[in-house]
Amino acid sequence: MTGDADGARGPWWVAPFAAATYVALVVCAFGFISLLADLDVVTDPDAGPLTGPLMVVVATIVVLWAIIRETRRTPLRVSVGSAVLAGLLAWLAYGVSGGVFDAIASRDGADAAAFAVTTLTGPFSVTVGVLALVMVLAAAAVATSSTGRRATPRWPWEHDGG
């Protein structure tokens, strides 16, 4: 399913696995940062319990879009510039969506703007952006390695006897 002969437009299957891995890495990193730095992920108590998870969902959608875009590129290659752009967009989406969700929950625009700025300058949003950059690079590397016309590896006992 990786070549034009198969009718596929690239290794699209990398994207959902990479997005799931991205969410797992973000949750793990947030846990360690919160534990070691004694910080809360969402600092505003008026933001509500869904603000943090929804911010991660928005950043994950950005990463998923970036990976799909990278794996559908012809010719398929690893682009550091696209990965950096994806990291910046995920960082921005995380912070801005936090401000939007905080505005919805608290109904205070000034408080929401302050929350967005605080979120964008905090360690959690930087982590979201860096992990997005790494995940897009890794997904592109996996996708490019799977597009060759190499034979499927076989165990010694699977080779033809002749």
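To start, this report covers the structure provided alongside it. (Residues numbered from 1 in each chain as written. Predicted model: local features only at pLDDT ≥ 70, side-chain atom pairs only at ≥ 80, totals over all residues. Heavy atoms only, no water.)

Here we take up the nonpolar core. Among the nonpolar cores identified, the biggest contains 28 residues, and Tyr 22, Ile 67, Tyr 94 and Val 128 are the most heavily contacted of them. Looking at this core, the elements that each hand over two or more residues are helix H1 (14–37), helix H2 (51–71), helix H3 (80–106) and helix H5 (123–145). With eight residues, H5 is the single largest residue contributor to this core. Apart from residues no more than four positions distant in its own chain, Val 128 is found in contact with Tyr 22, Val 26, Phe 30, Ala 59, Ala 90, Trp 91 and Tyr 94. (Core = buried A, V, L, I, M, F, W, Y, C linked by side-chain atoms within 4.5 Å. Buried < 20%, exposed > 50% of the residue type's maximum accessible area, 1.4 Å probe, protein only. Helix = DSSP H or I, 4+ residues; strand = E, 2+ residues; numbered from the N terminus. Contact = heavy atoms within 4.5 Å.)

Once that is clear, we can look at the side chain of Ser 82. Mapping Ser 82 onto the fold places it in helix H3. In this structure, Ser 82 is in contact with Arg 69, Glu 70 and Arg 73, ignoring residues within four places of it in sequence.

What follows covers the environment of Thr 119. Positionally, Thr 119 belongs in helix H4 (residues 109–120). Once the C-alpha coordinates of Thr 119 and Val 42 are considered, the two residues, 77 residues apart in sequence, prove to be 8.1 Å apart. Not counting chain neighbours up to four residues away, the residues in contact with Thr 119 comprise Met 55, Tyr 94, Gly 95 and Ser 125.

Our focus in this paragraph is the packing of H1 against H5. Put simply, H1 and H5 touch, their axes get as near as 9 Å, and they point 150 degrees apart. By the angle between their directions, the pair H1 and H5 is classed as roughly antiparallel. Crossing of H1 against H5: the hand is right-handed. On the side of H1, the interface is formed by Val 14, Ala 18, Thr 21, Tyr 22, Leu 25, Val 26, Ala 29, Phe 30, Ile 33 and Ser 34, while H5 contributes Pro 123, Phe 124, Thr 127, Val 128, Leu 131, Ala 132, Met 135, Ala 139, Val 142 and Ala 143. Across the contact of H1 with H5, the residue classes tally to 17 nonpolar, three polar and no charged. (Axes fitted to C-alpha atoms, helices over the stretch in contact; angles between N-to-C directions. Parallel < 35°, antiparallel > 145°, perpendicular 65-115°, else oblique. Left-handed = near helix turned anticlockwise from the far one by under 90°. Nonpolar A, V, L, I, M, F, W, Y, C, P; charged D, E, K, R; others polar.)

The subject of this paragraph is the packing of aromatic side chains. Across all of its chains, the model carries three aromatic pairs by this definition. With a centroid separation of 5.3 Å and an interplanar angle of 0 degrees, the aromatic rings of Trp 155 and Trp 157 are classed as stacked. With relative accessibility at 66%, the residue Trp 157 sits in the exposed group. An aromatic cluster of at least three residues, connected via ring pairs, comprises Phe 30, Tyr 94 and Phe 124. (Phe/Tyr/Trp six-rings, centres within 6.5 Å; stacked < 30°, edge-to-face > 60°.)

Together, Leu 50, Leu 54, Val 57 and Ile 61 line one region of the surface with nonpolar side chains, adding up to about 370 Å² of accessible area. For Ile 61, the position within the fold is in helix H2. (Patch = residues over 30% accessible without salt bridge, like charges linked within 9 Å, V, L, I, M, F, W, Y side chains within 5 Å. Areas by Shrake-Rupley, 256 points an atom, 1.4 Å probe, with all protein chains shown as cover. Salt bridge = Lys/Arg side-chain N within 4 Å of Asp/Glu carboxyl O.)

We now examine H5. Taking 1.5 Å per residue as the helical rise, H5 with its 23 residues ought to reach 33 Å, and the 33 Å between its terminal C-alpha atoms agrees with that figure. Where H5 is buried, its residues touch H1, H2, H3 and H4. (Expected span 1.5 Å × (residues − 1).)

Bringing empty space enclosed by the protein into the picture now. Counted under the stated rule, the structure contains one cavity of 30 Å³ or more. Residue lining of the largest cavity: Trp 65, Ala 66, Arg 69, Glu 70, Ser 82, Leu 85, Ala 86 and Leu 89, and that is the complete set. Among the secondary structure elements, those contributing two or more residues to the lining of the largest cavity are H2 and H3. Considered class by class, the residues forming the lining of the largest cavity number five nonpolar, one polar and two charged. (1 Å grid on protein atoms, 1.4 Å probe; cavity = no way out; pocket = protein on both sides within 12 Å on 5 of 7 lines; lining within 4 Å. Points joined across faces, edges and corners; volume = space filled by probe spheres on them.)

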